[in-house]
Amino acid sequence: MIDTLMKLAILIVGFILLIKGADFFVDGSSSVAKRLKVPSMIIGLTIVAMGTSLPECAVSVTASMSNNNALAVSNVVGSNLFNLMVVCGVCTLFVPLAVSTDTLKKEFPFSIICAALLLVFGLDSMLGRVDSAVFIVLFAAYLGWMIRSALQARNKALSEDNDEEIKLLPVWQCIIYIVGGAAAIKFGGDFVVDGATAIATMLGLSQNLIGLTIVALGTSLPELVTSIVAARKNEIDMALGNVIGSNIFNILLVLGIAGVISPVAIIAENLIDTFILIAVSTLVWIFAWKKKELVKWQGIVMLAIYTAYLVYICMR
């Protein structure tokens, strides 16, 4: 009993470190970007999206280094499904999520292409180092594309006074937040992988199921909090943009790094889950396309689909 409680405590402490670490990292990095006069648009598209994806990165890379490869892939796919269906679904309960035409034409279809690439690369049951290197190259190209697009809109971004959205911290505090946040994320990732693996083994559950549920939920909490706050403040395109950006980072950067460190085995369940991710991503894209927004009834449908998916993965 004591041993079980200890494992559960390690898992909870890991989640807390991941969430707070990501929070501090984003605050510190955003403040530095503001001091360097980087447009707010770049901060939102890069630092915030990458910051909220750091928990997934920490967990998947740690899992890859520990040869818990099933956890690495299922964490990313599970987090992407949770981000899209639950985070966006919950946000629509507060306010309709406006989606810009650019997002519908560029980022959204690109996120579907990334998932499709993962499915294709996984058909041979392995995400090798070459496949992973392709992901990293695509990530670098995508990052450059986003920065160029943001710079083209620099004048518009600078004309909108969003300074109040990002706390301007002293330099010494920025350093502490960035270094401390990164350390918390690293150790949080260790704790989550160790705790989840131990509990899965003890309960006779597969690492794939744990990664798709408990770990995916825990590492997606930063996206959930960020997007709900954005939705409640009526920040146009920020909530959905953060989710789509994080999903792209998760596949290209997180699995790219994990696969380069150690080739990642992909089981049949991973392929099925990735196919489901492609299907629901396409559905949400279609939902948003007609009126350039996601509304409450669509969010309820998305939450219902995710609930059905949870039942499916628990029963298989």
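Per an unreviewed UniProt entry, the protein chain carries the name Calcium/sodium antiporter and comes from Catenibacterium mitsuokai. Quoted verbatim from the Subcellular location (unreviewed entry) field of the UniProt record, the comment on the protein chain reads "Membrane".

Visitor: Can you walk me through the packing of aromatic side chains in this structure?
Guide: The geometry of an aromatic ring pair comes down to the distance between the two centres and the angle between the two planes. Applying the stated rule across the entire model yields 11 aromatic pairs. Summarising the aromatic geometry, the rings of Phe110 and Trp145 are spaced 6.1 Å apart at their centres and angled 85° between planes, so their arrangement reads as edge-to-face. Highlighted residues: Phe110 in helix H5 (residues 107-121) and Trp145 in helix H6 (residues 129-152), separated in sequence by 35 residues. When the ring of Tyr306 is compared with that of Tyr309, the centres are 6.0 Å apart and the planes differ by 45°; the resulting orientation is tilted. Here Tyr309 and Tyr306 lie together in helix H12 (residues 296-315), a separation of 3 residues that amounts to about one turn. Since its relative accessible area comes to 6%, Tyr309 is described here as buried. Grouped by ring-pair contacts, the aromatic residues Phe110, Phe139, Tyr142, Trp145 and Phe249 constitute a single cluster. In this arrangement the basic side chain of Lys20 is found over the ring face of Phe24, its NZ or CZ atom lying 5.4 Å from the centre. The positively charged end of Lys292 is found above the aromatic ring belonging to Trp289, 5.3 Å away from the centroid.

Visitor: Quick question: what am I supposed to make of the side chain of Thr274 here?
Guide: Relative to the helices and strands, Thr274 is located in helix H11 (residues 268-291). At 2.7 Å, the side chain of Thr274 and the backbone oxygen of Asn270 are in polar contact. Those residues in contact with Thr274, other than ones at most four positions away along the chain, are Val77, Ala115, Leu118 and Leu119.

Visitor: Could you clarify how one ought to interpret the nonpolar core in this entry?
Guide: The nonpolar side chains of soluble globular proteins are, as a tendency, buried together. The biggest cluster of nonpolar side chains holds 59 residues, and the ones touching the most others in it are Phe108, Phe135, Ile251 and Leu252. Elements with a minimum of two residues in this core: helix H2 (40-65), helix H3 (69-94), H5, H6, helix H9 (207-232), helix H10 (238-261), H11 and H12. Ranked by residues supplied to this core, first place goes to H3 with 11 residues. Ignoring sequence-local partners within four residues, the contact set of Ile251 consists of Val76, Asn80, Cys114, Ala115, Leu118, Phe135, Gly256 and Leu277. Among the nonpolar cores identified, the runner-up in size contains 17 residues, and Ala58, Val59, Val193 and Ala196 belong to it.

Visitor: What's the story with the packing of H11 against H12 in this structure? I'm lost.
Guide: Geometrically, a packed helix pair is captured by the angle between its two axes and the distance between the axes. Contact geometry for H11 and H12: axes closest at 11 Å, N-to-C directions at 170°. Considered as vectors, H11 and H12 are oriented roughly antiparallel to each other. Contacts from Ile272, Asp273, Ile276, Val280, Leu283, Val284 and Phe287 in H11 reach Trp297, Gln298, Val301, Met302, Ile305, Tyr309, Tyr312 and Ile313 in H12. For the contact of H11 with H12, the residue count by class is 13 nonpolar, 1 polar and 1 charged.

Visitor: How do you make sense of the state of the cysteines when you look at a structure like this?
Guide: Tallying each qualifying case throughout the model produces 0 disulfides. Cys88 supplies the cysteine sulfur nearest to Cys91, a cysteine that is in no disulfide, at a spacing of 6.3 Å.

Visitor: Just to check I follow, could you spell out H11 for this structure?
Guide: Three or four residues apart is the spacing at which side chains of an α-helix point the same way, because the helix has 3.6 residues per turn. A rise of 1.5 Å per residue sets the reference length of H11, with its 24 residues, at 34 Å; its end C-alpha atoms lie 37 Å apart and thus fit the reference within 8%. Within H11, burial applies to Asn270, Leu271, Asp273, Thr274, Leu277, Ile278, Val280, Ser281, Val284, Phe287 and Ala288. Two residues or fewer after H11 comes Lys292, characterised by a positive phi angle close to 60°.

Visitor: Whenever I open this one, a nonpolar patch on the surface confuses me. Can you help?
Guide: On the surface, Met1, Leu5, Leu8, Ile12 and Ile16 cluster together into a nonpolar patch covering about 530 Å² of accessible area. Looking at the secondary structure, you find Ile12 in helix H1 (residues 2-35).

Visitor: Can you help me understand the packing of H5 against H11 in this one?
Guide: For the pair H5 and H11, interaxial distance at closest approach is 9 Å and the crossing angle is 165°. Comparing their axes, H11 and H5 come out roughly antiparallel. Note that H5 runs across H11; the crossing there is left-handed. Every residue of H11 that contacts H5 at Phe108, Pro109, Ile112, Ala115, Ala116, Leu118 and Leu119 is listed here: Leu271, Thr274, Phe275, Leu277, Ile278, Ser281, Thr282, Val284 and Trp285. Class assignment of the residues belonging to the contact of H5 with H11 gives a composition of 13 nonpolar, 3 polar and no charged.

Conventions and cut-offs
Residues numbered from 1 in each chain as written. Predicted model: local features only at pLDDT ≥ 70, side-chain atom pairs only at ≥ 80, totals over all residues. Heavy atoms only, no water. UniProt positions renumbered as here; feature names shortened; annotations may be inferred. Phe/Tyr/Trp six-rings, centres within 6.5 Å; stacked < 30°, edge-to-face > 60°. Helix = DSSP H or I, 4+ residues; strand = E, 2+ residues; numbered from the N terminus. Buried < 20%, exposed > 50% of the residue type's maximum accessible area, 1.4 Å probe, protein only. Lys NZ or Arg CZ within 6 Å of the ring centre and 35° of its normal. Polar contact = N/O pair within 3.5 Å; in protein donor to acceptor, adjacent residues only side chain to side chain. Contact = heavy atoms within 4.5 Å. Core = buried A, V, L, I, M, F, W, Y, C linked by side-chain atoms within 4.5 Å. Axes fitted to C-alpha atoms, helices over the stretch in contact; angles between N-to-C directions. Parallel < 35°, antiparallel > 145°, perpendicular 65-115°, else oblique. Nonpolar A, V, L, I, M, F, W, Y, C, P; charged D, E, K, R; others polar. Disulfide = S-S within 2.5 Å. Expected span 1.5 Å × (residues − 1). Patch = residues over 30% accessible without salt bridge, like charges linked within 9 Å, V, L, I, M, F, W, Y side chains within 5 Å. Areas by Shrake-Rupley, 256 points an atom, 1.4 Å probe, with all protein chains shown as cover. Salt bridge = Lys/Arg side-chain N within 4 Å of Asp/Glu carboxyl O. Left-handed = near helix turned anticlockwise from the far one by under 90°.

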